[in-house]
Amino acid sequence: MHDAAPHAKVITVGCPAVLPEDASACNRPSLTELGSISHADVNWLREDVLEPLNGSIKRASSFFGDRYVDIYSSSPGHDACQPAEPADTKWVEGICGEAGDYWPAKLPGTLLNCGVVGKRATLVHPDAEGHASAAEHVERAIRIALLER
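Residues numbered from 1 in each chain as written. Predicted model: local features only at pLDDT ≥ 70, side-chain atom pairs only at ≥ 80, totals over all residues. Heavy atoms only, no water.

> Help me understand the state of the cysteines in this model?
Each disulfide consists of a covalent bond between the sulfur atoms of two cysteine residues. Tallying each qualifying case throughout the model produces two disulfides. The disulfide partner of Cys26 is Cys81, and the S-S distance across this bridge is 2.0 Å. A torsion of 90° about the S-S bond marks the disulfide between Cys26 and Cys81 as right-handed. In this pair, Cys26 is assigned in the loop between strand S1 (11–13) and helix H1 (39–63) and Cys81 in the loop between strand S2 (67–69) and strand S3 (92–93), connecting sequence segments 55 residues apart. Accessibility expressed as a relative area gives 5% for Cys81, which makes it buried. Disulfide pairing is shown between Cys96 and Cys114; the S-S distance is 2.0 Å. Judged by the sign of its S-S torsion, about -70°, the bond between Cys96 and Cys114 is left-handed. With a gap of 18 residues between them, Cys96 in strand S4 (residues 96–97) and Cys114 in the loop between S4 and strand S5 (120–121) connect regions that are remote in the sequence. A residue is classified by how much of its surface remains accessible, and Cys96, at 0% relative accessible area, is buried. (Disulfide = S-S within 2.5 Å. Helix = DSSP H or I, 4+ residues; strand = E, 2+ residues; numbered from the N terminus. Buried < 20%, exposed > 50% of the residue type's maximum accessible area, 1.4 Å probe, protein only.)

Listed below in structure tokens is the structure:
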């Protein structure tokens, strides 16, 4: 990117807290959460995959002099294992969740069929609330970058 647009302000965005800080908060068989992923694996995914991934994104961003947008620190407590109500509690849909009709209910070539619970295959993806929160952080970063010109 820097070679193609040497004067561009590059903004990188980290990942939200899609997994709970306390894995025991997850209802293991629930497809609207994380399904049958064990609590130990939830902790491993958060501690050894997601958090280090955000650290790597931040370091790479810093190395190139880019702006890193941290959306992780504002999102704990809004993960895929939170209740759907009240509406602003859950910012991440679970394996199966609420999504537009263009999202598949069944994934071809897999056994995953979210249609049986009346949901779509969202595969642990931010919902509208999660995107709105991220957008606030990204907008702030863009406004700061524009002021630095």
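> What is the right way to read the side chain of His137 from this model?
Relative to the helices and strands, His137 resides in helix H2 (residues 128–147). Within the structure, His137 has its side chain in polar contact with the side chain of Ser74 (distance 3.0 Å). Excluding its chain neighbours within four sequence positions, the residues that come into contact with His137 are Val69, Asp70, Ile71 and Ser74. (Polar contact = N/O pair within 3.5 Å; in protein donor to acceptor, adjacent residues only side chain to side chain. Contact = heavy atoms within 4.5 Å.)

> What exactly am I supposed to notice about unusual backbone geometry here?
Most peptide bonds are trans, and most residues other than glycine sit at a negative phi. Residue Pro86 follows Glu85 across a cis peptide bond; omega there is -5°. Along the chain, Pro86 falls in the loop between S2 and S3. A positive phi is found at Val124, a non-glycine position, where the angle reads about 60°. Structurally, the position occupied by Val124 is in the loop between S5 and strand S6 (125–126).

> Would you mind going over H2 with me for this structure?
Each turn of an α-helix holds 3.6 residues, which means side chains three or four residues apart point in the same direction. With 20 residues, H2 extends 28 Å from end C-alpha to end C-alpha; this agrees with the ideal 28 Å at 1.5 Å per step. Looking only at H2, the buried set comprises Gly130, Ser133, Ala134, His137, Ala141 and Ala145. In an axial view of H2, the angular spread of the buried residues amounts to 120°, which keeps them on one side of the axis. In H2, the exposed positions that point more than 90 degrees away from the buried face belong to Ala128, Glu136, Arg143, Leu146 and Leu147. In this fold, the buried residues of H2 make contact with S1, S2 and S6. Its side-chain oxygen placed 3.1 Å from the backbone nitrogen of Glu129, Asp127 serves as the N-cap of H2. (Expected span 1.5 Å × (residues − 1). Arc of directions from axis to C-beta.)

> Looking at this structure, I do not really get the packing of aromatic side chains. What am I missing?
Any aromatic ring pair is given by two values, namely how distant the centres are and how the planes are angled relative to each other. Evaluated as defined, the whole model comprises one aromatic pair. Relative to Phe64, the ring of Phe63 has its centre 4.9 Å away and its plane inclined at 90°; by these criteria the two rings are edge-to-face. Both residues of the pair, Phe63 and Phe64, count as exposed. (Phe/Tyr/Trp six-rings, centres within 6.5 Å; stacked < 30°, edge-to-face > 60°.)

> Just to check I follow, could you spell out the pattern of salt bridges for this structure?
Any two side chains of opposite charge can pair, on the condition that their charged atoms come close. Scanning the entire structure with this criterion turns up seven salt bridges. Of the charged contacts, one joins Glu148 and Lys9 as a salt bridge, the two residues approaching to 3.6 Å between their closest N and O atoms. Of this pair, Glu148 sits in the segment after H2 while Lys9 sits in the segment before S1, and the two are 139 residues apart along the sequence. In this structure, Arg46 engages Glu47 in a salt bridge whose closest nitrogen and oxygen atoms are separated by 2.9 Å. Classification of Arg46 as buried rests on a relative accessible area of 6%. Take Glu47: its relative accessible area is 42%, and that puts it in the partly exposed class. Taken together, the shared-partner salt bridges connect Lys9, Arg67 and Glu148 into one network. (Salt bridge = Lys/Arg side-chain N within 4 Å of Asp/Glu carboxyl O.)

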